[in-house]
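Structural characterization, general
Read off the chains here:
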Amino acid sequence: MSSEREAQAAMTRRRPARLQPRWFIVAFWHGHRAVLRVTGGRFGLWRPKPGGWGTLWLTTTGRRSGKPRRVVLGYVDDGHSLVTMAMNGWGPAEPAWWLNLQAHPDAVVRTRDGARPVRARRAQGEERERLWARWAEIDTNLDAFAARRPHETAVVVLEPRDTTGPAGS
């Protein structure tokens, strides 16, 4: 959905979507990440349930530091790819992990099913519309939340990366 359509959809709602306070959102994700770290990923990762999303652990390469950076994200499956959104808790800034992926699209995701190398890209056009609609089925306030941001929310596709080729892609 374009940012203009996101804003229009939000304005047509009777009540604005209510977000938890920013400190709560940040504290929740920090706590979730701590659980993952302490348990080595045994707790805190789940597969998407019907009508819901799962969680993954994404390791990117820092765009400035070149060091590995980890973040916990919600995702849905789309065939062999995983789909997430660059929303930063619906805050106005782009999340650092998305900026890192734009600079270095190769990353590693760890799901309940194990780790795998991926390559990230922004969904465009009809694909973005389809994936946005899929997320909107899960989160009925999606358009209203997205309207809080000053720019379009990127839908990020994490495609499997073939590492068996001669150059190790």
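Before reading further, recall that the structure is shown in the block above.
These numbers come from a predicted model, not from an experiment.

Focus: the pattern of salt bridges
Under the defined criterion, the tally for this structure stands at 9 salt bridges. Residue arginine 130 is joined to aspartate 78 by a salt bridge in which the shortest nitrogen-to-oxygen separation is 2.8 Å. Linking arginine 130 in helix 4 (residues 125–138) with aspartate 78 in strand 2 (residues 68–78), this pair joins segments that are 52 residues apart in sequence. A residue is classified by how much of its surface remains accessible, and arginine 130, at 42% relative accessible area, is partly exposed. Between glutamate 127 and arginine 121 there is a salt bridge, and its shortest N-O distance comes to 2.8 Å. Among the residues examined, arginine 121 registers a relative accessible area of 28% and is labelled partly exposed. Several salt bridges share partner residues, and in doing so they unite Asp78, Arg130 and Arg134 into one network.

What about the sheet that holds strand 2?
Here we have 6 strands rolled up into a closed barrel, ordered 1-2-3-6-5-4, and antiparallel in their pairing. This sheet shows a mean twist of 45° between the axes of neighbouring strands, independent of strand direction. Here 8 bridges tie strand 1 (residues 54–61) to strand 2, and the two strands are oriented antiparallel to one another. Looking at strand 2, one finds that threonine 61 is bridged to proline 68. Of the strands in this sheet, strand 1, strand 2, strand 3 (81–86), strand 4 (106–111), strand 5 (114–122) and strand 6 (154–160) are in contact with helix 3 (residues 96–103), which crosses strand 1 at around 50°. Each of strand 2, strand 3, strand 5 and strand 6 touches helix 4; the most contacted strand, strand 2, lies at about 85° to it.

Some thoughts on the pairing of strand 3
Most of strand 3 is tucked away, with 6 of its 6 residues classed as buried. Alternating positions in strand 3 separate into two faces, Ser81, Val83 and Met85 on one and Leu82, Thr84 and Ala86 on the other, with burial throughout. Bridge count for strand 2 against strand 3 is 3 bridges, and the pairing is antiparallel. By the bridge assignment, valine 76 is partnered in strand 3 with valine 83. Between the end of strand 2 and the start of strand 3, which pair antiparallel, lie 2 residues, with glycine 79 showing a positive phi angle near 70°.

Thresholds, definitions, all that
Residues numbered from 1 in each chain as written. Predicted model: local features only at pLDDT ≥ 70, side-chain atom pairs only at ≥ 80, totals over all residues. Heavy atoms only, no water. Salt bridge = Lys/Arg side-chain N within 4 Å of Asp/Glu carboxyl O. Helix = DSSP H or I, 4+ residues; strand = E, 2+ residues; numbered from the N terminus. Buried < 20%, exposed > 50% of the residue type's maximum accessible area, 1.4 Å probe, protein only. Pairing = 2+ DSSP bridges. Axes fitted to C-alpha atoms, helices over the stretch in contact; angles between N-to-C directions. Contact = heavy atoms within 4.5 Å.

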